[in-house]
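Given next are the chains, with one letter for each unit.
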Amino acid sequence: MKRLKITNDHGWTPRTLRKQERKIKNTLLRQRVMAVRLVMEGYLGKEVASMVNVCRQTVSHYVSLFNEGGLELLLHRDFAPGREPFLTEEQQEKIKQLVLTTTPAELGWDVASAWNTKLLQSYVAKQFGVSISREALRKLLHRKGLSWTRPTYTLAKGNPDEQKQFEKQMDLIKKKLDHQGDRRCCSSVHR
């Protein structure tokens, strides 16, 4: 088995690589730099593999990346583009605005006063011709900064002045009850 060798250090030393390691937040990328640094310090490939918990071939790959393009190539990672989204960005934004500004009842869609994933699912199918799962809709709304909350009842015709007066009365009653409780507590202690 041939010993791994750094053929081009690109101006990096084990000391400067260690400093760079400390700056890197991503654990996997930090692991790559550590592997190269350890090889640079003279450790065998299988020893380095054991230290950073990867296989020897992976360490060899890291060293060849570093030899070829330095730290920049070592830290570069390509990710697969992923699947195309069900809805365009514009359609996603329309759904967000729909949820924020209207109710199903206002659109004549349902008697419900708030949107849920089941209603949105049928709305999206009818409006955009796209079949999307309720879970995918929930994730889409979450990515757009929305979260599900239970709708609360608010008194539409409530008089604010009367509500404040009621709150004051309730506070007085609570204080009176607390005061009576304190007297009972103290009187039982003195007996």
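Residues numbered from 1 in each chain as written. Predicted model: local features only at pLDDT ≥ 70, side-chain atom pairs only at ≥ 80, totals over all residues. Heavy atoms only, no water.

As named in an unreviewed UniProt entry, the protein is Transposase, taken from Geobacillus subterraneus.

**Some remarks on the overall build of the protein**
Broken down by element type, the protein carries eight helices and zero strands. Mapped in sequence order, the helices and strands of the protein form the string α-α-α-α-α-α-α-α. For 191 residues, the compact-globule formula gives about 16 Å, and the C-alpha radius of gyration of the protein, at 32 Å, lies well above that figure. With respect to the three principal axes, the spread of C-alpha positions in the protein is 85 × 70 × 25 Å. Long-range contacts, defined here as pairs at least 24 residues apart, represent 51% of the contacts in the protein between residues at least 6 apart. By element, 52% of the accessible surface of the protein is carried by carbon and sulfur atoms, the whole surface being about 14,600 Å². One way to put it: in the protein the 35 positive side-chain charges average out to a point 7 Å from where the 20 negative ones average out. (Helix = DSSP H or I, 4+ residues; strand = E, 2+ residues; numbered from the N terminus. Rg over C-alpha atoms; globule rule 2.2 N^0.38 Å. Contact = heavy atoms within 4.5 Å. Areas by Shrake-Rupley, 256 points an atom, 1.4 Å probe, with all protein chains shown as cover. Lys, Arg positive; Asp, Glu negative; His and termini not counted. Charge placed at Lys NZ, Arg CZ, Asp CG, Glu CD.)

**A word on the packing of aromatic side chains**
This model, assessed by the stated rule, comprises one aromatic pair. Seen in terms of ring centroids, Trp 115 and Tyr 123 are 5.6 Å apart; in terms of plane orientation they differ by 70°. Their pairing is edge-to-face. (Phe/Tyr/Trp six-rings, centres within 6.5 Å; stacked < 30°, edge-to-face > 60°.)

**So, the pattern of salt bridges**
Applying the stated rule across the entire model yields seven salt bridges. With a shortest N-O distance of 2.3 Å, Glu 21 and Arg 37 are connected by a salt bridge. With a gap of 16 residues between them, Glu 21 in helix α1 (residues 14-23) and Arg 37 in helix α2 (residues 27-40) connect regions that are remote in the sequence. Here the two residues Glu 21 and Arg 37 agree in accessibility, since each one is buried. Ionic pairing is found between Glu 93 and Lys 144, a salt bridge with its closest N-O pair at 3.5 Å. Residue Glu 93 is located in helix α5 (residues 89-101), and its partner Lys 144 is located in the loop between α7 (134-143) and α8 (160-190); the two are separated by 51 residues in the primary sequence. Taking relative accessible area as the criterion, Lys 144 reaches 15% and is therefore assigned buried. Beyond isolated ion pairs, a larger network of salt bridges with shared partners links Arg 18, Glu 21, Arg 37 and Glu 41. (Salt bridge = Lys/Arg side-chain N within 4 Å of Asp/Glu carboxyl O. Buried < 20%, exposed > 50% of the residue type's maximum accessible area, 1.4 Å probe, protein only.)

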